[in-house]
Structures are given as structure tokens and as C-alpha cells.
Amino acid sequence: MLTKPIYIISDLHLGDGHPELLEAFERFIDIKARNAHALYILGDLFEAWVGDDDESLTAKRVCERLKSLAELGVPVFYMHGNRDFLVGKSYIKQACMHSLPDPSVVTFDGHDILMSHGDLLCTHDIPYQRYRWLVHRSWLQALFLALPRSFRDKLGNKIRMKSQEQGSKKTMNLMDVDEETVTKWLKQYQVYTIVHGHTHKPFKHFYPMSHPPFTRFVLGAWENGQARILCYQRGELAFVDL
Ligand SMILES: [Mn+2]
């Protein structure tokens with residue numbers, strides 16, 4: 001059995017506008033993650049990302065901290081979220097991270113766990129799924145990334161404002177994962193545990209009536225400088241404080 005903890009985080013939404021979150025992230029790396037077996041970041045590490053030519057303080061400091069983990073022998077696995085899906089190979093390499101496709105099954109001590117950012121599970125939201133499909137086309141990404149940085153920044157801001165505006169109009173049901181899709185995935189991947197973020201509703205959901213019963217862990221967003229951490233240790237997954 002693994003002796004060191006494994007940490008799973010998502011939805012930090014780091015950016016220069018929120019230095020308190022960056023500080024919380026650095027504390028988390030220095031206090032907890034440096035003694036870990038591994039770290040999994042399940043998307044939305046950054047509030048926004050429009051290309052690896054990002055010269056923000058946040059991009060630099062996050063890269064340094066993640067690199068320091070790699071130097072200590074702690075592997076970092078990174079999955080894209082809906083905010084930072086444009087984080088590219090170059091930044092991932094610079095930060096010494098390993099890319100993790102969405103979804104992925106990982107195995108801790110023989111326990112299979114399905115990991116996902118979570119937006120793919122929001123299948124009720126058809127306009128969003130269409131948008132997601134489109135912005136994941138490699139030709140469109142290449143076209144976008146070829147634009148001047150200043151233009152990409154402006155366009156990125158516009159898209160974010162628009163999505164926030166639409167988000168405020170969406171019902172709670174539309175903003176959450178579709179339970180049927182969750183069940184379908186669990187069957188497809190033959191797992192009994194799923195971990196995802198994205199919805200910002202941290203909770204351990206247990207479905208005892210399901211055949212077979214399963215558990216769904218929802219990671220929380222890092223808000224007001226507060227870290228939200230899921231930890232695997234001694235065969236158990238549990239939320240822990242910084
Ligand atoms: Mn998200």
C-alpha cells in the first residue's frame with residue numbers, strides 16, 4: 001500500500017487578479033504536495049489561458065512551483081479544464097507535468113478511479129457541448145494561437161464575459177452533471193469511484209441504490225484564498241484542509 005498521500009485538486013482559477021489564490025497554491029505545494037506520492041490537477045488551474053506565450057506573474061510562479069515538485073520526485077498530472085484548455089505542450093513540458101486525457105482511469109493501490117474535469121458530464125447543456133466540441137478542433141486552436149497575443153487576450157475576455165452572462169441565466173440543473181451520463185461512464189469504464197470538478201459543488205455523493213453502488217467526489221473551487229483538496233491515503237479518499 002502507498003505510504004505517501006496523493007492529492008487531487010481542480011478549479012483553482014489562478015490569475016494575476018487573485019494573488020491570495022496563488023499564495024494558497026504555493027503554500028499547498030510547499031506544505032503538502034512536496035511530501036506527496038503524486039499530484040493530480042483536474043483542470044481550471046488557470047482562470048484563463050490564451051497561449052503558452054503567457055508572461056503573467058501567475059504563469060511564471062506556477063511553473064516554478066510545479067517544476068520544484070518534479071525536482072523532488074513528485075509527479076504532477078495535469079488535465080485540461082474548460083478555462084485552461086489551451087495550455088499547450090510547451091508550458092506542460094516547462095512545468096515538468098504529465099498530460100492526463102479527460103477522462104482517465106487511474107489506479108491507486110488497486111482501486112480504479114475515473115477522473116475528469118467534469119464539463120463533459122454536463123450533457124444537459126447542449127449549446128455548451130457544441131461550443132466545447134468546436135473549440136477543441138485542432139485547426140481552430142491553431143488559427144486562434146496564430147493571432148497576435150493582444151488580440152487573443154481581448155477575444156478571451158469577451159468569450160469569458162459572454163459565458164458568465166449565459167451562466168447566470170442557466171438553471172441549476174443545466175449547470176450540474178447529468179447523473180445518467182455519470183452512470184454510463186461508470187459502466188463503460190467499469191469503475192465504482194469517480195472524481196471530477198467544474199461544478200464548484202464540493203461533495204462526496206454516495207449512491208447506495210445503484211447497481212453496483214458507487215461514489216462520486218466533486219472537487220471544490222479555490223475561492224477567497226481557501227484551498228480545496230482531495231486526498232487519497234490508506235485506501236481512502238477524503239477532503240483535507242491545507
Ligand atoms: Mn471548469
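Residues numbered from 1 in each chain as written. Predicted model: local features only at pLDDT ≥ 70, side-chain atom pairs only at ≥ 80, totals over all residues. Heavy atoms only, no water.

Caption draft 1: Layout of the overall build of the protein. Along its length, the protein carries eight helices and 11 strands. The globule rule puts the C-alpha radius of gyration for 242 residues at 18 Å, and the 18 Å found for the protein is close to it. Projecting the C-alpha coordinates of the protein onto the three principal axes gives extents of approximately 50 × 45 × 35 Å. Across the 242 residues that make up the protein, the buried fraction comes to 47%. Contacts spanning at least 24 positions in sequence make up 69% of the contacts within the protein whose residues lie at least 6 apart. Working note: accessible area of the protein is about 12,700 Å², and carbon and sulfur atoms make up 56% of it. Averaging the coordinates of the 29 positive side-chain charges in the protein and doing the same for the 29 negative ones gives two points 3 Å apart. (Helix = DSSP H or I, 4+ residues; strand = E, 2+ residues; numbered from the N terminus. Rg over C-alpha atoms; globule rule 2.2 N^0.38 Å. Buried < 20%, exposed > 50% of the residue type's maximum accessible area, 1.4 Å probe, protein only. Contact = heavy atoms within 4.5 Å. Areas by Shrake-Rupley, 256 points an atom, 1.4 Å probe, with all protein chains shown as cover. Lys, Arg positive; Asp, Glu negative; His and termini not counted. Charge placed at Lys NZ, Arg CZ, Asp CG, Glu CD.)

Caption draft 2: Here's a closer look at the environment of Lys201. Structurally, the position occupied by Lys201 is in the loop between strand E7 (193-196) and strand E8 (203-207). Residues Lys201 and Leu230, 29 residues apart in the sequence, show an inter-C-alpha distance of 13 Å. In contact with Lys201, other than residues within four places in its own chain, are Met172, Asp176, Val218 and Leu219.

Caption draft 3: A look at the sheet that holds strand E9 (residues 214-218). Read across the sheet, five strands follow the order E5-E6-E7-E9-E8 without closing on themselves; strand pairing throughout is mixed. Both edges of this open sheet fall to strand E5 (104-108) and E8, since each of them pairs with a single strand only. When strand polarity is set aside, the average angle formed by the axes of neighbouring strands in this sheet is 25°. Bridge count between E7 and E9: four bridges; the pairing is parallel. (Pairing = 2+ DSSP bridges. Axes fitted to C-alpha atoms, helices over the stretch in contact; angles between N-to-C directions.)

Caption draft 4: Up close: the pattern of salt bridges. This model, assessed by the stated rule, comprises 12 salt bridges. Put simply, Arg61 and Glu26 hold a salt bridge, and the shortest N to O gap is 2.8 Å. With Arg61 in helix H2 (residues 57-71) and Glu26 in helix H1 (residues 19-31), this pair connects stretches of sequence that are 35 residues apart. Note that Arg216 is salt-bridged to Glu179, the shortest N-O span being 3.4 Å. Placement of Arg216 in strand E9 and of Glu179 in helix H8 (residues 179-189) is noted, with a sequence separation of 37 residues between them. By relative accessible area, Arg216 is classed as buried at 2%. Connected through shared salt-bridge partners, Asp53, Asp54, Arg149, Arg152 and Asp153 make up one network. (Salt bridge = Lys/Arg side-chain N within 4 Å of Asp/Glu carboxyl O.)

Caption draft 5: Structural detail: unusual backbone geometry. Here the bond from Asp102 into Pro103 is cis, since omega is -5°, no more than 30 degrees from zero. Topologically, Pro103 is positioned in the loop between strand E4 (98-99) and E5. That bond from His211 to Pro212 is cis: its omega, -5°, falls within 30 degrees of zero. For Pro212, the location among the structural elements is in the loop between E8 and E9. The phi angle at Asp44 is positive, at roughly 55°, despite the residue not being glycine. By relative accessible area, Asp44 is classed as buried at 2%. Despite not being glycine, Arg234 shows a phi value in the positive range, around 50°.

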